[in-house]
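Survey of secondary and tertiary structure
Now for the letters of each chain:
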Amino acid sequence: MRIGIGYDIHPLVKNRKLILGGVEIPYVKGLKGHSDADVLLHAVCDGLLGALGKGDIGEHFPNTDPKYKNISSLKLLEKVGGLVKTAGMKIGNIDTVVIAQEPNIKKYKPRMQSAIAKVFKIKSNQVNIKATTNEGLGSIGRKEGIAAYAVVLLTER
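Residues numbered from 1 in each chain as written. Predicted model: local features only at pLDDT ≥ 70, side-chain atom pairs only at ≥ 80, totals over all residues. Heavy atoms only, no water.

In this section: the environment of S124. Tracing the chain through its elements places S124 in the loop between α4 (109–120) and β6 (127–132). Its relative accessible area of 32% is what places S124 among the partly exposed residues. Residues S124 and Q113, spaced 11 residues apart in sequence, show a C-alpha to C-alpha distance of 5.6 Å. Residues contacting S124, with those up to four places away along its chain left out, are Q113, S114 and A117. (Helix = DSSP H or I, 4+ residues; strand = E, 2+ residues; numbered from the N terminus. Buried < 20%, exposed > 50% of the residue type's maximum accessible area, 1.4 Å probe, protein only. Contact = heavy atoms within 4.5 Å.)

So, about a positive patch on the surface. A cluster of basic residues, K85, K90, K121 and R157, forms a positive patch at the surface. Position of K85 relative to the elements: it lies in helix α3 (residues 73–86). (Patch = residues over 30% accessible without salt bridge, like charges linked within 9 Å, V, L, I, M, F, W, Y side chains within 5 Å. Areas by Shrake-Rupley, 256 points an atom, 1.4 Å probe, with all protein chains shown as cover. Salt bridge = Lys/Arg side-chain N within 4 Å of Asp/Glu carboxyl O. Lys, Arg positive; Asp, Glu negative; His and termini not counted. Charge placed at Lys NZ, Arg CZ, Asp CG, Glu CD.)

On to the packing of aromatic side chains. With the rule as written, the count across this model stands at two aromatic pairs. Arranged with centres 5.3 Å apart and planes meeting at 85°, the rings of F61 and Y68 form a pair that is edge-to-face. On the basis of relative accessibility, which here comes to 11%, the residue F61 falls in the buried class. (Phe/Tyr/Trp six-rings, centres within 6.5 Å; stacked < 30°, edge-to-face > 60°.)

Quick look at the pairing of β6 now. Bridging between strand β5 (residues 89–99) and β6 involves six bridges; their strand directions are parallel. Considered in β6, the bridge of V98 is made with A131. Handedness of the β-α-β unit built from β5, α4 and β6 comes out right-handed. (Pairing = 2+ DSSP bridges. Right-handed = clockwise from strand over helix to strand, strands pointing away.)

The next thing to look at is the nonpolar core. Ranked by internal contacts, the top residues of the largest apolar core, which has 45 residues, are L20, L48, V98, M112, I116, F120 and I146. Those elements giving two or more residues to this core turn out to be β2 (18–20), β3 (23–25), α1 (39–52), α3, β5, α4, β6 and β7 (145–156). With 10 residues, the single largest contributor to this core is α1. Among residues more than four places away in sequence, those in contact with V98 are L20, L40, I105, I129, K130, A131, T132, I146, A147 and A148. (Core = buried A, V, L, I, M, F, W, Y, C linked by side-chain atoms within 4.5 Å.)

Okay, structure coming up:
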């Protein structure tokens, strides 16, 4: 059994789609980044890589590499899932939290769970997505960015 934790944060900017958990969410701003900047999937990738002892997302998918420019983070998640399988491991569960003052993501959480579960061919109930605000504090509270944490449990196949 192996456990990993992941974290990511990106600033919100105009003229960009907001993608969280592989789902497009209507909002006036999107997350700035080299890829689609999906903080939730990036946190999950880092959690899985940590559990495997394989570094972090920046080492595997550097933001200096043009092949990752605007790439869907679902594709990055697939690649990390391949590393999990190659290591002879399987996902027990994934527990996440998204920290955003806005938008409210409650109605999108089931679609996010399904998108993540589909990539790994696991049940949706093995993926948990929670959401909270920063109660108006800090850059997230000022609606300048969104962050996410993920904890993953891997077991042997």
